[in-house]
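Structural features, examined
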Amino acid sequence: MTQEEYNRIMERMAEGGEGTEDEFFELLLKYPQYARDYVERYEKKLEKKKKRPAWIEKSPAEMEEGWRKIRERIEEDTGEATIQYRGRKEYEEK
């Protein structure tokens, strides 16, 4: 068995597609050299999911520009200014 084969089998089992929980853990124990790499790859995948969305990291000026564009689109569609952007600082103070 290769690392790639092991990873594919483990991913299918983790997704609930094949095998049982006992078989999943049996493979983890039977192939520790592959299990370590698989677990590290899985942990990295989870870390990527935990990362904050890009919009949180934007500067106040970038946020204001984004809101300006949204307001313009709404005004074009409805003919009314319906959203007022208060800025990140005002939200953090409340």
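To keep things clear, this report deals only with the structure shown in the data block. (Residues numbered from 1 in each chain as written. Predicted model: local features only at pLDDT ≥ 70, side-chain atom pairs only at ≥ 80, totals over all residues. Heavy atoms only, no water.)

**Focus: the nonpolar core**
The condition that has to hold: Put simply, a nonpolar core is a bunch of buried Ala, Val, Leu, Ile, Met, Phe, Trp, Tyr and Cys residues held in one set by side-chain atoms that sit within 4.5 Å of each other. Burial classification: accessible surface area is computed with a 1.4 Å probe over protein chains only, and a residue below 20% of its type maximum counts as buried, one above 50% as exposed, and the rest as partly exposed. Helix numbering and strand numbering both begin at the N terminus, where a helix is a DSSP run of H or I of at least 4 residues and a strand a DSSP run of E of at least 2. Contacts: residue pairs with any heavy atoms within 4.5 Å of one another.
Core analysis: the biggest nonpolar cluster contains ten residues, these being Tyr 6, Met 10, Met 13, Phe 24, Leu 27, Leu 28, Tyr 31, Tyr 34, Ala 35 and Tyr 38. Of all the elements in the fold, those that place two or more residues in this core are helix H1 (3–14), helix H2 (21–30) and helix H3 (32–50). Discounting residues that sit within four places of it in the chain, Phe 24 has contacts with Met 10, Met 13, Ala 14 and Tyr 38.

**Overview of the pattern of salt bridges**
Note the cut-off: The rule for a salt bridge is simple: a side-chain nitrogen of Lys or Arg has to be within 4 Å of a carboxyl oxygen of Asp or Glu.
Throughout the structure, instances matching the rule amount to three salt bridges. Two residues, Glu 65 and Arg 68, come together in a salt bridge whose shortest N-O distance is 2.4 Å. Pair noted here: Glu 65 and Arg 68 are both in helix H4 (residues 60–78), with a separation of three residues, about one helical turn. In this structure, Arg 68 and Glu 72 form a salt bridge, with 2.2 Å as the shortest nitrogen-oxygen distance. Placement of the pair is Arg 68 and Glu 72 together in helix H4, with a separation of four residues, close to one helical turn. Using a relative accessible area of 30% as the deciding quantity, one classes Arg 68 as partly exposed. Residue class for Glu 72 comes out partly exposed when judged on its relative accessible area of 35%. One network of salt bridges, with partners in common, ties together Glu 65, Arg 68 and Glu 72.

**Some details on the side chain of Gln 3**
On the secondary structure map, Gln 3 appears in helix H1. What makes Gln 3 buried here is its relative accessible area of 18%. In contact with Gln 3, other than residues within four places in its own chain, are Gln 33, Tyr 34, Asp 37 and Tyr 38.

Honestly, that's just the spatial picture; any functional story needs more than this.
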